[in-house]
Amino acid sequence: AQSVTQLGSHVSVSEGALVLLRCNYSSSVPPYLFWYVQYPNQGLQLLLKYTSAATLVKGINGFEAEFKKSETSFHLTKPSAHMSDAAEYFCAAGVNNNDMRFGAGTRLTVKP
Amino acid sequence: KAGVTQTPRYLIKTRGQQVTLSCSPISGHRSVSWYQQTPGQGLQFLFEYFSETQRNKGNFPGRFSGRQFSNSRSEMNVSTLELGDSALYLCASSRAFPPMNTEAFFGQGTRLTVV
């Protein structure tokens, strides 16, 4: 089964600064990898997913993530943070739904 | 196109009672998955249905059950509620099975509070 580690339960950046949210997975088989965003009292919205087609994955809202097999990482980045990016972000890994694992989440705060 | 609809949005129940939550997937989606989200355990997979059949099940006790109807709408039921069942229950729908290579769309969730 997968396990997913998100380094940093809280990340704070200034508006316009680089956003970097870290995710590492453990799996003997490269899984599907996902980043989701959750706004307060809302469900999860898919930002992007890695399905082995390309190691650099571009998602919505200017986010992208790079799959690095040697580091078992799938970090999420955005060059310039916007106030509307403030939310909780979840990394997830799995091959099938019954072994899908979510990270504990990282709450992103954007300061004006 | 309507998104995933979960009802009710909020629910308060007493220990020992049972509860039924409903999820209407996006039109044309045949796969429905359920997740439990709590501050302590995070997001955990409950079960997944496709074409009225349970395809996958997470590691939850038998008090948690679900079903899917011919119109793809799904319900989950929790019997003999415990305080620890208080959580946000999320439903996700996707077009195909297995859903890993298709996008899953989440509903807003049902927040269940057990008192």
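Preceding this section is the structure that the text describes.
Figured I'd write up the structure that's included with this text. (Residues numbered from 1 in each chain as written. Chains lettered and ligands numbered in written order. Predicted model: local features only at pLDDT ≥ 70, side-chain atom pairs only at ≥ 80, totals over all residues. Heavy atoms only, no water.)

## Remarks on the layout of surface pockets
Empty space left among the atoms is revealed by rolling a probe the size of a water molecule over them. Of the pockets and cavities examined, the largest pocket occupies roughly 430 Å³. Lining the largest pocket are 20 residues, with Gln38(A), Glu88(A), Phe90(A), Arg107(A) and Gln37(B) positioned closest to its centre. Counting only elements with at least two residues in the lining of the largest pocket, the list comes to β9 (87-94) of chain A together with β4 (31-38) of chain B. Ranked by residues supplied to the lining of the largest pocket, first place goes to β9(A) with three residues. Classifying every residue of the lining of the largest pocket gives eight nonpolar, nine polar and three charged. (1 Å grid on protein atoms, 1.4 Å probe; cavity = no way out; pocket = protein on both sides within 12 Å on 5 of 7 lines; lining within 4 Å. Points joined across faces, edges and corners; volume = space filled by probe spheres on them. Helix = DSSP H or I, 4+ residues; strand = E, 2+ residues; numbered from the N terminus. Nonpolar A, V, L, I, M, F, W, Y, C, P; charged D, E, K, R; others polar.)

## Comments concerning the interface of chain A and chain B
Opposite the 18 residues of chain A that make contact, chain B presents 21 residues. A buried area of about 1,700 Å², summed over both sides, lies between chain A and chain B, and 54% of it is on carbon and sulfur atoms. Elements represented by at least two residues in the side of chain A that touches chain B include exactly β4 (32-38), β5 (44-50) and β9 of chain A. Here the element with the most residues in the side of chain A that touches chain B is β4(A); it accounts for four residues. Across the side of chain A that touches chain B, the residue classes break down as nine nonpolar, eight polar and one charged. (Contact = heavy atoms within 4.5 Å. Buried area = accessible area lost by both parts, 1.4 Å probe.)

## Quick word on the side chain of Ser74(B)
Residues and elements named next belong to chain B. Relative to the helices and strands, Ser74 resides in strand β8 (residues 74-78). Relative accessible area serves as the criterion here: at 0%, Ser74 is assigned to the buried category. Polar contacts involving the side chain of Ser74 include one to the main-chain carbonyl oxygen of Arg67, which spans 2.9 Å. If we skip the residues at most four places from it in the chain, Ser74 touches Leu21, Ser22, Cys23, Val32, Trp34, Tyr49, Arg67 and Gln68. (Buried < 20%, exposed > 50% of the residue type's maximum accessible area, 1.4 Å probe, protein only. Polar contact = N/O pair within 3.5 Å; in protein donor to acceptor, adjacent residues only side chain to side chain.)

## Description of the state of the cysteines
Residues and elements named next belong to chain B. Applying the stated criterion across every chain, the model contains two disulfides over all chains. The disulfide that involves Cys23 links it to Cys91, with 1.7 Å between the sulfurs. Around the S-S axis, the bridge from Cys23 to Cys91 shows a dihedral of about -55° and counts as left-handed. You can see Cys23 sitting in strand β3 (residues 19-24) and its partner Cys91 sitting in strand β9 (residues 87-94), a full 68 residues away along the chain. Of the two residues examined, Cys23 and Cys91, each falls in the buried class. (Disulfide = S-S within 2.5 Å.)

## Thoughts on the pairing of β4(B)
All names here are of chain B. Burial within β4 is extensive, with eight of its eight residues counted as buried. Relative to strand β5 (residues 42-50), β4 is paired through eight bridges, and the arrangement is antiparallel. Along β5, the bridge assignment pairs Trp34 with Phe47. Once β4 ends, the chain turns through three residues before running back antiparallel as β5. Bridging between β4 and β9 involves seven bridges; their strand directions are antiparallel. Within β9, the residue paired with Gln36 across the bridge is Tyr89. (Pairing = 2+ DSSP bridges.)

## Some thoughts on unusual backbone geometry
Following Thr7(B), the chain continues to Pro8(B) via a peptide bond in cis, the omega torsion being -10°. Secondary-structure assignment places Pro8(B) in the loop between β1 (5-7) and β2 (10-13). With phi around 60°, Asn61(A) is a residue other than glycine that occupies positive phi space. Counting through the fold element by element, Asn61(A) comes out in the loop between β6 (56-58) and β7 (64-68). For Asn61(A), a relative accessible area of 41% translates into the label partly exposed. At Ser72(B), a position not held by glycine, the phi torsion is positive, near 75°. Tracing the backbone through its elements, the reader meets Ser72(B) in the loop between β7 (64-68) and β8. On the basis of relative accessibility, which here comes to 11%, the residue Ser72(B) falls in the buried class.

## Thoughts on the pattern of salt bridges
Opposite charge on two side chains permits pairing when their charged atoms draw close. Per the stated rule, a full pass over the model turns up seven salt bridges over all chains. Salt-bridge contacts for Lys58(A) lead to Glu64(A); the nearest nitrogen and oxygen are separated by 2.7 Å. Judged by relative accessible area, Lys58(A) falls into the exposed class, the value being 63%. For Glu64(A), a relative accessible area of 23% puts it in the partly exposed group. The salt bridge partner of Arg73(B) is Glu75(B), with a shortest N-O separation of 3.2 Å. One continuous salt-bridge network, built from bridges that share partners, spans Arg63(B), Glu82(B) and Asp85(B). (Salt bridge = Lys/Arg side-chain N within 4 Å of Asp/Glu carboxyl O.)

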